[in-house]
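# Remarks on the overall topology
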Amino acid sequence: GGALMQINVARRYGLALFELADERNVLEKIADDIGVIESVLSRIPELVKNFSNPAIKTSKLYNILEKAFRPVVHQITWEFLKVLVNQKRLYTLKIIPRIFHKLYNDHCGIVDVTIECVYQLSNDEKTVIIRKLEEITEKKVHLDFQLNTQLLAGFKLYIGEKLMDCSIAGKLQRLRNRMLAA
């Protein structure tokens, strides 16, 4: 199917897993599992190729998943992976983490913020920025810092997937300058 269909299928599965995890009070554990799965898949891209290859037998996929994930994930996550294999939907596993992560963040009132910056921020600077962003967004901020020496403007700020306009970035820049002057 096309990319959009794949995303819709992935969304259905992601939501089903999220609701089940919530119902059983294991949301945090399942969110951790999804993080583990995501990092394994990003380190071993061949795995994902296998997932969408119709020539590979279900039993082989099952064995791969069992070795990779069964020892480390919750029973619910494991059952979920088995369902994906049996229903030939394993290809959605590369999209599901993003979907699950968003559902989890919305549920917990968390927002992911990425700052790309030309210089390394100190922990104090990060703390002040997080506090400021929590005031602005009225959510709990998870900050991901990335050094990018190629930037012309000093830094870029993403809230979720959105690049924020420079007025917020400018405010934070001025804030940093004041901190350095203090």
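Look a little higher up for the structure.
Below you will find a few notes about this structure. All values reported here derive from a predicted model rather than from experimental measurement.

## Description of the packing of aromatic side chains
Applying the stated criterion across every chain, the model contains three aromatic pairs. Ring geometry for Tyr13 against Phe80: centres 6.5 Å apart, planes inclined by 65 degrees, an arrangement best described as edge-to-face. One end of the pair, Tyr13, is in helix H1 (residues 3-23); the other, Phe80, is in helix H5 (residues 75-86), and 67 residues separate them in sequence. The buried category is assigned to Phe80, whose relative accessible area is 10%.

## What to know about the side chain of Thr114
Structurally, Thr114 can be placed in strand E1 (residues 110-117). If sequence neighbours within four positions are ignored, Thr114 has contacts with Asp144, Gln146, Lys156, Leu157 and Tyr158.

## What to know about the pattern of salt bridges
For the coordinates displayed, the defined rule picks out five salt bridges. Glu79 is paired through a salt bridge with Lys82; the nearest N and O atoms lie 3.5 Å apart. You can see Glu79 and its partner Lys82 sitting in helix H5, three residues apart, about one turn around the helix.

Reading the values: the criteria
Residues numbered from 1 in each chain as written. Predicted model: local features only at pLDDT ≥ 70, side-chain atom pairs only at ≥ 80, totals over all residues. Heavy atoms only, no water. Phe/Tyr/Trp six-rings, centres within 6.5 Å; stacked < 30°, edge-to-face > 60°. Helix = DSSP H or I, 4+ residues; strand = E, 2+ residues; numbered from the N terminus. Buried < 20%, exposed > 50% of the residue type's maximum accessible area, 1.4 Å probe, protein only. Contact = heavy atoms within 4.5 Å. Salt bridge = Lys/Arg side-chain N within 4 Å of Asp/Glu carboxyl O.

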